[in-house]
Amino acid sequence: MGYTEAYESDLIRGDQDPLPWRLRAEITALALGTDRLLDIGCGTMFKTLALAPLVRQVVGVEPNPRMLAQAHTNITASAVGNAVVVAGRAEQLPFPDSSFDLVTVMLAPHDTSEISRVLRPGGRAVLEKIGDRDKWNFKTEFGADDHGPRGQFADLDQGQRAREYEDEFAGLFDRVEVREGFWATYYSRTGLELLLEQTSAIRGFDPVADKAVLDRICQEWTTHRGIKTIQNRMLIQAWK
Ligand SMILES: C[S@@+](CC[C@H](N)C(=O)[O-])C[C@H]1O[C@@H](n2cnc3c(N)ncnc32)[C@H](O)[C@@H]1O
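Described below are features of the structure shown in this document. (Residues numbered from 1 in each chain as written. Predicted model: local features only at pLDDT ≥ 70, side-chain atom pairs only at ≥ 80, totals over all residues. Heavy atoms only, no water.)

### As for the overall build of the chain
- Scanning the chain from terminus to terminus reveals 8 helices and 11 strands.
- Its C-alpha atoms give the chain a radius of gyration of 18 Å, within 12% of the compact-globule value 18 Å for 240 residues.
- Sorting the 240 residues of the chain into buried and exposed places 50% on the buried side.
- Summarising the internal contacts of the chain: among those between residues at least 6 apart in sequence, 71% fall at separations of at least 24.
- By element, 52% of the accessible surface of the chain is carried by carbon and sulfur atoms, the whole surface being about 11,200 Å².
- Side chains of the chain give 28 positive and 35 negative charges; the mean places of these two sets differ by 3 Å. (Helix = DSSP H or I, 4+ residues; strand = E, 2+ residues; numbered from the N terminus. Rg over C-alpha atoms; globule rule 2.2 N^0.38 Å. Buried < 20%, exposed > 50% of the residue type's maximum accessible area, 1.4 Å probe, protein only. Contact = heavy atoms within 4.5 Å. Areas by Shrake-Rupley, 256 points an atom, 1.4 Å probe, with all protein chains shown as cover. Lys, Arg positive; Asp, Glu negative; His and termini not counted. Charge placed at Lys NZ, Arg CZ, Asp CG, Glu CD.)

If you want it as structure tokens, here you go:
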């Protein structure tokens with residue numbers, strides 16, 4: 001997934017019904033002014049920078065060089081003085097044990113044991129993850145390739161992912177809460193193409209090769225507000 005300016009565009013987010021929770025409010029409720037916060041898979045830092053006033057320091061970690069370059073630009077352009085970004089991956093975080101008070105993961109990969117390792121005892125984690133029924137109507141239209149269904153999680157039973165997260169965190173944290181939310185979102189055709197190009201929702205998405213599928217989706221799901229889908233996300237909160 002390469003970074004382009006489209007990544008920060010509103011088109012890619014569509015016209016959304018009210019969300020089941022406000023991620024920033026959930027993070028705010030768990031943040032302390034003295035916290036050192038790590039945001040894993042921070043992308044261009046545009047969401048991370050908004051968290052900076054809540055805590056002592058925000059640190060973003062991101063493996064994609066183009067995202068990383070834009071994150072540096074965004075930090076410099078912002079008035080935020082307590083934010084840094086470093087190169088690294090969720091599976092091998094480049095930080096010592098117990099070096100953070102709060103970890104956030106916003107629609108990015110995570111490794112539960114690495115989160116637990118870098119959090120101090122009493123630390124907290126807030127993750128927003130894509131659910132296993134996210135944009136299900138679109139995913140089923142793209143069918144399968146040699147590696148199985150092209151839609152991310154299209155082979156999971158409903159609720160399976162939430163149960164897996166609960167088990168994963170329960171082993172390493174004192175307490176875990178997993179909430180699941182659904183809401184309708186409406187895209188323009190351009191917005192839908194940008195979304196599929198910029199995310200891993202559909203493996204190998206190609207707007208030219210997949211034109212017939214896109215046409216079918218538009219035909220079947222267009223409403224007066226745009227092309228309708230249901231988004232499904234999970235909110236994981238864990239206390240170490
Ligand atoms: C959908 S974007 C979300 C970015 C940002 N958190 C946000 O909410 O705007 C997913 C991000 O995860 C990053 N990513 C991909 N693989 C990763 C990994 N193994 N470890 C950490 N981040 C990863 C991508 O480069 C991308 O920036």
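### A closer look at helix H3 (residues 65-77)
- With 13 residues, H3 extends 18 Å between its outermost C-alpha atoms, agreeing within 8% with the 18 Å of an ideal straight helix rising 1.5 Å per residue.
- Among all positions of H3, only Met 67, Leu 68, Ala 71, Asn 74 and Ile 75 are buried. End-on, the buried residues of H3 take up no more than an arc of 120°, which puts them together on one face. Set apart from the buried face of H3 by more than 90 degrees, the exposed residues are Pro 65, Arg 66, Thr 76 and Ala 77. (Expected span 1.5 Å × (residues − 1). Arc of directions from axis to C-beta.)

### Re the side chain of Glu 128
- Note that Glu 128 resides in strand E6 (residues 119-130).
- On the basis of relative accessibility, which here comes to 4%, the residue Glu 128 falls in the buried class.
- Here Trp 21 takes part through its side chain, which lies 2.9 Å from a polar atom of the side chain of Glu 128.
- When sequence neighbours within four positions are dropped, the list of residues in contact with Glu 128 reads Trp 21, Leu 23, Val 105, Met 106, Leu 107, Arg 233 and Met 234. (Polar contact = N/O pair within 3.5 Å; in protein donor to acceptor, adjacent residues only side chain to side chain.)

### Points about the packing of helix H7 (residues 189-198) against helix H8 (residues 211-221)
- Close contact between H7 and H8 brings their axes to 12 Å; oriented N to C, the two are set at 130°. On the basis of the axis angle, H7 is oblique to H8. Once H7 is placed against H8, the crossing between them reads as right-handed. Contacts between H7 and H8 involve Arg 189, Leu 192, Glu 193 and Leu 196 on the former and, on the latter, Lys 211, Leu 214, Asp 215, Ile 217 and Cys 218.
- Of the residues in the contact of H7 with H8, the class split is 5 nonpolar, no polar and 4 charged. (Axes fitted to C-alpha atoms, helices over the stretch in contact; angles between N-to-C directions. Parallel < 35°, antiparallel > 145°, perpendicular 65-115°, else oblique. Left-handed = near helix turned anticlockwise from the far one by under 90°. Nonpolar A, V, L, I, M, F, W, Y, C, P; charged D, E, K, R; others polar.)

### Quick word on the pattern of salt bridges
- Considering all chains together, one arrives at 18 salt bridges under this definition.
- Two residues, Asp 35 and Arg 124, come together in a salt bridge whose shortest N-O distance is 2.7 Å. Linking Asp 35 in the loop between helix H1 (23-30) and strand E2 (36-40) with Arg 124 in strand E6, this pair joins segments that are 89 residues apart in sequence.
- A relative accessible area of 1% means that Asp 35 is categorised as buried.
- Close ionic contact of Arg 161 with Glu 164 constitutes a salt bridge, the shortest N to O distance being 3.7 Å. You can see Arg 161 and its partner Glu 164 sitting in helix H6 (residues 160-170), 3 residues apart, about one turn around the helix.
- Here the residues in one salt-bridge network are Arg 189, Glu 193, Lys 211 and Asp 215, joined through shared partners. (Salt bridge = Lys/Arg side-chain N within 4 Å of Asp/Glu carboxyl O.)

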